[in-house]
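Survey of secondary and tertiary structure
Here's the letter readout for the chains.
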Amino acid sequence: DRLDTLVGCFAVGLSPTGTADPFALRRACIAILRTLTERADANGAYAQLSLRELFGWAYDGFEGKKLDLSRDDTIAKVSAFTVERLRGVVGSATSSHVADAVTTAGDVDHPSWVLSRARGVHHVVTHPDAQAWLGKAKTVAKRLSGISKESAPVLHAKDAFEKEDDAAIVALVGKVAVFTKTLTTEAEVVKALEQVANLAARLDDIFTRTLVNDPADARTPKRLELLSYGARSMLRI
């Protein structure tokens, strides 16, 4: 019922303007988000529900009716409206800074995953070692992206290289790819951020010993593609 109301009103041009919200669409949207987040702990199926798919499903229910907006335009507008409400729901469970961080990057189409990421980030930033972890995460991401920003991200295998240090880079990037692959639970986010400190030290050691952007090395393009893949993985954090 709330999805029908929310999507239907947007589709016929009755979205809230300023403080005016005669159809209580903000309240309906927040109720939808709370249903999806609060019930996900007990039933994982709620965590799998996509907001965009739900909005599309609701729009399809108005087939044959005269609507002002297309399906795609309606979904886009309702999604943007929902992210603002999601920021508030997440902020009330963690903090406004954490809510801003998790709703401006990564998947916002699955509210329970967003909330889990937020709780993980909140756990980390309130930890005594927070500044060290986050500082090192930023360092790793910056170094990987800075040297490989012109290269396409490709996860090359160890046998594509000959040098021992290249094997170490393959192992490091592979580890980054693994622990950032799924960040849908609080535990996964915390574990990923905690591991960054060790990765920063290993990366520094490799960069000290190795000229990774060696113009005389025929394997340099592949090495830079590998580092670019690591940089893209770090963006998930």
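Everything in this summary refers to the structure shown in the same document. (Residues numbered from 1 in each chain as written. Predicted model: local features only at pLDDT ≥ 70, side-chain atom pairs only at ≥ 80, totals over all residues. Heavy atoms only, no water.)

Further remarks concern the overall build of the chain. Along its length, the chain carries eleven helices and zero strands. Of the regular secondary structure in the chain, the N- to C-terminal order runs α-α-α-α-α-α-α-α-α-α-α. Here the C-alpha radius of gyration of the chain, 22 Å, is well above what a compact globule of 237 residues would show, namely 18 Å. Expressed as lengths along the three principal axes of its C-alpha atoms, the size of the chain is roughly 65 × 40 × 35 Å. By residue count, 43% of the 237 residues in the chain fall in the buried class. Counting contacts in the chain only where the partners sit at least 6 residues apart, residues at least 24 apart contribute 68% of the total. With the model as given, the accessible surface of the chain reaches about 12,800 Å², and the carbon-plus-sulfur share is 52%. (Helix = DSSP H or I, 4+ residues; strand = E, 2+ residues; numbered from the N terminus. Rg over C-alpha atoms; globule rule 2.2 N^0.38 Å. Buried < 20%, exposed > 50% of the residue type's maximum accessible area, 1.4 Å probe, protein only. Contact = heavy atoms within 4.5 Å. Areas by Shrake-Rupley, 256 points an atom, 1.4 Å probe, with all protein chains shown as cover.)

This part covers helix H4 (residues 51-60). Of all the residues in H4, the buried ones are Leu51, Leu54, Phe55, Gly56, Ala58 and Tyr59. Buried residues along H4 sit against helix H1 (2-11), helix H2 (25-38), helix H5 (71-93) and helix H7 (111-125).

The end-to-end C-alpha distance of helix H11 (residues 220-235), which contains 16 residues, comes to 23 Å, matching closely the 22 Å that a straight helix rising 1.5 Å per residue would cover. Among all positions in H11, only Thr220, Arg223, Leu224, Leu226, Leu227, Ser228, Tyr229, Gly230, Ala231, Ser233 and Met234 are buried. (Expected span 1.5 Å × (residues − 1).)

What follows concerns the state of the cysteines. With the rule as written, the count across this model stands at zero disulfides. Cys29 forms no disulfide, and the closest cysteine sulfur to it belongs to Cys9, at a distance of 12 Å. With a relative accessible area of 1%, Cys29 lands in the buried category. (Disulfide = S-S within 2.5 Å.)

Right, let's get into the nonpolar core. Formed by 60 residues in total, the largest nonpolar core has its most connected members in Leu6, Phe55 and Val90. Of the residues forming this core, the biggest block, ten residues, is contributed by helix H10 (residues 186-209). Ignoring anything within four residues of it in the chain, the contact list for Leu6 reads Leu25, Cys29, Ile32, Phe55, Val78 and Phe81. (Core = buried A, V, L, I, M, F, W, Y, C linked by side-chain atoms within 4.5 Å.)

Attention shifts here to unusual backbone geometry. The phi angle at Ala24 is positive, at roughly 50°, despite the residue not being glycine. Relative to the helices and strands, Ala24 is located in the loop between H1 and H2.

As a further point, take the packing of aromatic side chains. Within this structure, the stated rule accounts for one aromatic pair. Stacked on the ring of Phe81, the Lys or Arg Arg85 has its end atom at 4.5 Å from the ring centre. (Phe/Tyr/Trp six-rings, centres within 6.5 Å; stacked < 30°, edge-to-face > 60°. Lys NZ or Arg CZ within 6 Å of the ring centre and 35° of its normal.)

On to a nonpolar patch on the surface, then. A grouping of Val12, Leu14 and Phe23 is seen on the molecular surface, where their side chains present a nonpolar patch of about 230 Å² in accessible area. Inspection of the secondary structure puts Val12 in the loop between H1 and H2. (Patch = residues over 30% accessible without salt bridge, like charges linked within 9 Å, V, L, I, M, F, W, Y side chains within 5 Å. Salt bridge = Lys/Arg side-chain N within 4 Å of Asp/Glu carboxyl O.)

With respect to the helices and strands, the residue Leu193 is situated in helix H10. Sequence separation between Leu193 and Val121 is 72 residues, and the spatial gap between their C-alpha atoms is 8.4 Å.

Direction vectors running N to C along H2 and H5 enclose 65°, while the axes themselves pass 9 Å from each other. In the packing of H2 onto H5, the handedness of the crossing is right-handed. Mapping the contact onto sequence places Leu25, Arg26, Cys29, Ile30 and Leu33 in H2 and Phe81, Thr82, Arg85, Leu86 and Val89 in H5. Looking at side-chain class alone, the contact of H2 with H5 contains seven nonpolar, one polar and two charged residues. (Axes fitted to C-alpha atoms, helices over the stretch in contact; angles between N-to-C directions. Left-handed = near helix turned anticlockwise from the far one by under 90°. Nonpolar A, V, L, I, M, F, W, Y, C, P; charged D, E, K, R; others polar.)

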